[in-house]
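Structural characterization, general
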Amino acid sequence: MFEMHMNECFISAPGKSILHGEHAVVHGKVALAVSLNLRTYLRLQATSTGEVCINLPNIDTFLTWETAALKPLLFNWKADCTLNEVNVNLVKKLREFTGITEDSTDTRSLAVLAFLYIYISVFSDTEVLPSVSVCVWSELPTGAGLGSSAAFSVCVSAVLLSARGTISTPLNQNQETARWSEAELELINKWAFQGEKIIHGNPSGVDNAVGTWGGVLRYLSGKITPLSRVPTLRILLTNTKVPRSTKVLVSGVKDKMNKYPSIMSPVLESVNAVSQTCEETLAEMATEGASAKHYNVLEDLIDINQHHLNVMGVGHPSLDTLCRVTLTRGLHSKLTGAGGGGCGITLLRPETDPCVVQKVVQELKEAGFDCWETSLGGPGVLMHCTNSIPENALSVLTSF
């Protein structure tokens, strides 16, 4: 009989921001993706109910299934499932089981589908699927282009693989947090990518990689390379709350590229140079220590990149408001993600007066935006002891 390798466990993974290289990446240029120190937290409890439960307080979702009813879905599972491709037969069976239609874009439905897929797949060779209760709560706003779905998939993959014993339980008694080995992180990332494919269809793999490794990742032509040493940067993250379609925005940039290749090609080359210069500057900051010179360069790159993005047609009046409000206080901002609304980041120097930040936040909130002061470049997926979970997250996770 299979026994769970843990009775209770806490996991977290970060969200992500695109520092530079939005949209240019689809044209084979360098993009820099960086972890946000806003995290998704997961609590797993082993139970004896004969059920598997998923609780997602952020999106008001609580669902329970009998494990005995899920086990038959694994018929012929091994014949057509690898970690390179999603098992379409299992997904089809799960859709029929849950009533989630193939054309559904509902956040709740897709999160549930990804969870059940990873849960059943990880425990596919056990006689009985284990009874577990999983609660996931996030500091990240959903649907804002900040990698909330990837952080979810990373947390689910890490905790279920650890519970199965496929990877270790790295947390020792004297540690507050712990990381897995590089090989284990690779496996977590592969499973998380499966979840991302179910949620998004054809993702790049950047979001789940950032959630797994954290720090700063270099993305070029499908190859993802973590930067070995990176500084932690303070930022103000702003959600304009203006909805946008990534698909439409990406298509618009491609159309401009096809219509005006002699104009757009140099713009994309310049964005590529911005990403590379930023990478070099971050490396210098990590090895030499951050200086005013480095922050001057980063601020220049932010302004240049934002102007390029406007030329590409992915700006928005809400993002112009963000840039205007912060620049009046001497701060520099740019969009992150697809643009057309969504989120923006504002770089905060170490010496930035807290009163300045407070005034900026107040003005942005008066414009209808949401703001968080946070940082870039934090750690990837972590296993936690209870004491290392923020109080607000712990109160939610332990209330169910």
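This part takes up the overall build of the protein. Along the protein, the regular secondary structure elements total 12 helices and 13 strands. Whereas a compact globule of 400 residues would reach a radius of gyration of roughly 21 Å, the protein reaches 21 Å, a difference of no more than 12%. For the protein, the residues scored as buried account for 55% of the 400 residues in total. Considering only intrachain contacts with a sequence separation of at least 6, the fraction spanning at least 24 residues in the protein is 77%. In the form shown here, the protein has an accessible surface area of approximately 17200 Å², with 51% of it arising from carbon and sulfur atoms. A distance of 4 Å separates the average location of the 31 positive side-chain charges in the protein from that of its 38 negative side-chain charges.

Within the largest apolar cluster, 91 residues are counted, with the highest numbers of intra-cluster contacts made by I11, F115, Y119 and L160. Of the residues forming this core, the biggest block, 12 residues, is contributed by helix α3 (residues 107-122). Apart from the residues lying within four places of it in its own chain, the contact partners of L160 are L44, F115, I118, Y119, V122 and F123. Listed in part, the 14 residues of the second largest apolar core include V271, M312, L335 and A338.

Within the secondary structure, S375 sits in strand β12 (residues 370-376). Excluding its chain neighbours within four sequence positions, the residues that come into contact with S375 are S35, L36, N37, T232, L233, R234 and I235.

What follows covers the pairing of strand β4 (residues 61-66). Relative to β4, strand β3 (residues 51-56) runs antiparallel, the two being bridged by six bridges. Counted as the bridge partner of L56 is T61 from β4. Counted between consecutive antiparallel strands, the loop separating β3 from β4 contains four residues, among which D60 sits at a positive phi close to 50°.

Tallied over the entire structure, the rule returns two aromatic pairs. On the basis of an interplanar angle of 15° and a centroid distance of 6.0 Å, the ring pair of F115 and Y119 is categorised as stacked. Residue F115 and its partner Y119 are both found in helix α3; the two are separated by four residues, about one turn of the helix. For the ring pair Y119 and F123, a centre distance of 5.7 Å and an interplane angle of 55° mean the geometry is tilted.

The next point concerns the environment of T336. Relative to the elements of secondary structure, T336 occurs in strand β10 (residues 332-336). Placed 99 residues apart in sequence, T336 and L237 show a C-alpha to C-alpha distance of 9.4 Å. Apart from the residues within four sequence positions on either side, T336 is in contact with S17, I18, E22, L146, C343, G344 and I345. At 2.9 Å, the side chain of T336 and the backbone nitrogen of I18 are in polar contact.

Calculation criteria
Residues numbered from 1 in each chain as written. Predicted model: local features only at pLDDT ≥ 70, side-chain atom pairs only at ≥ 80, totals over all residues. Heavy atoms only, no water. Helix = DSSP H or I, 4+ residues; strand = E, 2+ residues; numbered from the N terminus. Rg over C-alpha atoms; globule rule 2.2 N^0.38 Å. Buried < 20%, exposed > 50% of the residue type's maximum accessible area, 1.4 Å probe, protein only. Contact = heavy atoms within 4.5 Å. Areas by Shrake-Rupley, 256 points an atom, 1.4 Å probe, with all protein chains shown as cover. Lys, Arg positive; Asp, Glu negative; His and termini not counted. Charge placed at Lys NZ, Arg CZ, Asp CG, Glu CD. Core = buried A, V, L, I, M, F, W, Y, C linked by side-chain atoms within 4.5 Å. Pairing = 2+ DSSP bridges. Phe/Tyr/Trp six-rings, centres within 6.5 Å; stacked < 30°, edge-to-face > 60°. Polar contact = N/O pair within 3.5 Å; in protein donor to acceptor, adjacent residues only side chain to side chain.

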